[in-house]
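Here's the letter readout for the chains.
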Amino acid sequence: MQNQGISPGLRARIALEKHGFSFTHSLGQNFILDDDFLEEIALESGVGEGEAVLEIGPGPGLLTHHLASHCRQVLALEIDRKLEPVLNEVLEGVNNAEIIFEDVMKCDLSVLLEERFPGENVQVVANLPYYITADVIERLLTCGANIGNITVMVQKEAAERIGAQLGNKNYCALAMLTQYYYDVEELMDVSPDRFSPPPHVMSRLIRLNRRMDGLRAKDEKLLLRLIRSAFRMRRKTLVNNLTGDFGVSREQAEKLLMSQNLDVRIRGEALSVKQITRLSDALGEMLQSRANA
Ligand code: SAM
């Protein structure tokens, strides 16, 4: 009852102060404590009333609070147990949010989400810890869970890499992998003064909109290996990457590229998402027929 009439943002500030919370820079703890701005983020994510949401790194739970008012259930993973008393106060009376104290990088997301939300498509919303942005996104893409759209606050440079198109200097393995599953939408640039404490970098809110129509690889694990291989040594030709990483001969690698109408001197970074998907299928067939021989 003591919190009645107090905005969630003020509640969070009071709780952080009361529990003597000290921010851990190495955990990417830059919080957003502005209710209006968090409401805007929740709306931009587009999560709907009946939906389940996974949040990564709830911090004091303020974004969690706003998300909970827009969806059916929020499940949030937080690594820092010191936030428990703060979260308890901020989320008092919010009955559709569950916090699990676990490292997102160690948690089996596929098992957890299937257990909590069987058969459901889960939306992800997060103000991500920037030190693991790329790892978290790769994990969300490859964990095998039934994940829908992903709305994340990331460092602006990370957003530029994730959304980079073929031919751009930022085009990278993460861009290819992300764009295999998603269309990348830039929502807004966010200045450091929106956070407490302010980070030293500009941020950007992006939404990854799940593509329903894209070309699908026959073996997505092989596609992932091929994408990693294509960018491992950027300056090497794809033939070199293929011979080094898949145990095929130079001759076989060249034959493979020619079968896809690709120049034998092409570099991995020059492939579109469609091209690498088709190449992955052809490579799979080649590896299979070699295994059968
Ligand atoms: N959601 C809050 C907000 O918007 O103000 C906090 C965002 S803060 C940028 C990132 C949060 O992620 C912190 O609470 C931090 O403790 C948490 N975090 C850092 N590493 C994590 C990990 N490996 N697994 C889960 N949470 C993590």
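Remember, predicted model here, so these are calculated numbers, not experimental data.

(A) Spatial organisation of the sheet that holds strand β6 (residues 182–190). Across the sheet, seven strands lie side by side as β3-β2-β1-β4-β5-β7-β6; this open sheet has mixed pairing. Since the sheet does not close on itself, it has two edges, and those belong to β3 (97–101) and β6, each with one partner. With strand direction ignored, the average angle separating the axes of adjacent strands in the sheet is 20°. Bridge analysis of strand β2 (residues 73–78) against β3 gives five bridges, and the strand direction is parallel. When the sheet's bridge partners are listed, L75 is paired in β3 with E98. The strands touched by helix α5 (residues 109–116) are β1 (52–56), β2, β3, β4 (122–127) and β5 (147–155); relative to β2, the strand with the most contacts, the crossing angle is about 150°. Where helix α8 (residues 173–181) meets the sheet, its contacts fall on β6 and β7 (203–210), and the angle it forms with β6 comes to roughly 115°.

(B) Region of interest: the packing of helix α11 (residues 250–259) against helix α12 (residues 273–292). Contact pair α11 / α12: the axes reach a minimum separation of 10 Å and the direction vectors enclose 140°. For the element pair α11 / α12, the angle class is oblique. The crossing of α11 and α12 is right-handed. For the pair α11 and α12, the contacting residues are Q252, L256 and L257 in the first and L279, A282, L283, M286 and R290 in the second. For the contact of α11 with α12, the per-class residue count stands at six nonpolar, one polar and one charged.

(C) Layout of the packing of helix α9 (residues 220–232) against helix α10 (residues 238–246). Two elements in contact, α9 and α10, have axes whose closest approach is 9 Å; the angle formed by their N-to-C orientations is 125°. By the angle between their axes, α9 is oblique relative to α10. Crossing of α9 over α10 shows right-handed handedness. Contact with α9, carried on its side by L222, R225, L226, S229, A230 and R232, involves L238, N241, L242, D245 and F246 of α10 and no other residues of that element. Class assignment for the residues of the contact of α9 with α10 results in six nonpolar, two polar and three charged.

(D) Examining the packing of aromatic side chains more closely. Throughout the structure, instances matching the rule amount to five aromatic pairs. Arranged with centres 4.7 Å apart and planes meeting at 80°, the rings of Y180 and Y181 form a pair that is edge-to-face. Side by side, Y180 and Y181 carry an identical accessibility label, which is buried. Through a chain of ring-to-ring contacts, the aromatic side chains of F21, F23 and F31 assemble into a single cluster.

Reading the values: rules and limits
- Residues numbered from 1 in each chain as written.
- Predicted model: local features only at pLDDT ≥ 70, side-chain atom pairs only at ≥ 80, totals over all residues.
- Heavy atoms only, no water.
- Pairing = 2+ DSSP bridges.
- Helix = DSSP H or I, 4+ residues; strand = E, 2+ residues; numbered from the N terminus.
- Axes fitted to C-alpha atoms, helices over the stretch in contact; angles between N-to-C directions.
- Contact = heavy atoms within 4.5 Å.
- Parallel < 35°, antiparallel > 145°, perpendicular 65-115°, else oblique.
- Left-handed = near helix turned anticlockwise from the far one by under 90°.
- Nonpolar A, V, L, I, M, F, W, Y, C, P; charged D, E, K, R; others polar.
- Phe/Tyr/Trp six-rings, centres within 6.5 Å; stacked < 30°, edge-to-face > 60°.
- Buried < 20%, exposed > 50% of the residue type's maximum accessible area, 1.4 Å probe, protein only.

Function cannot be inferred from these measures alone, as they are strictly geometric.
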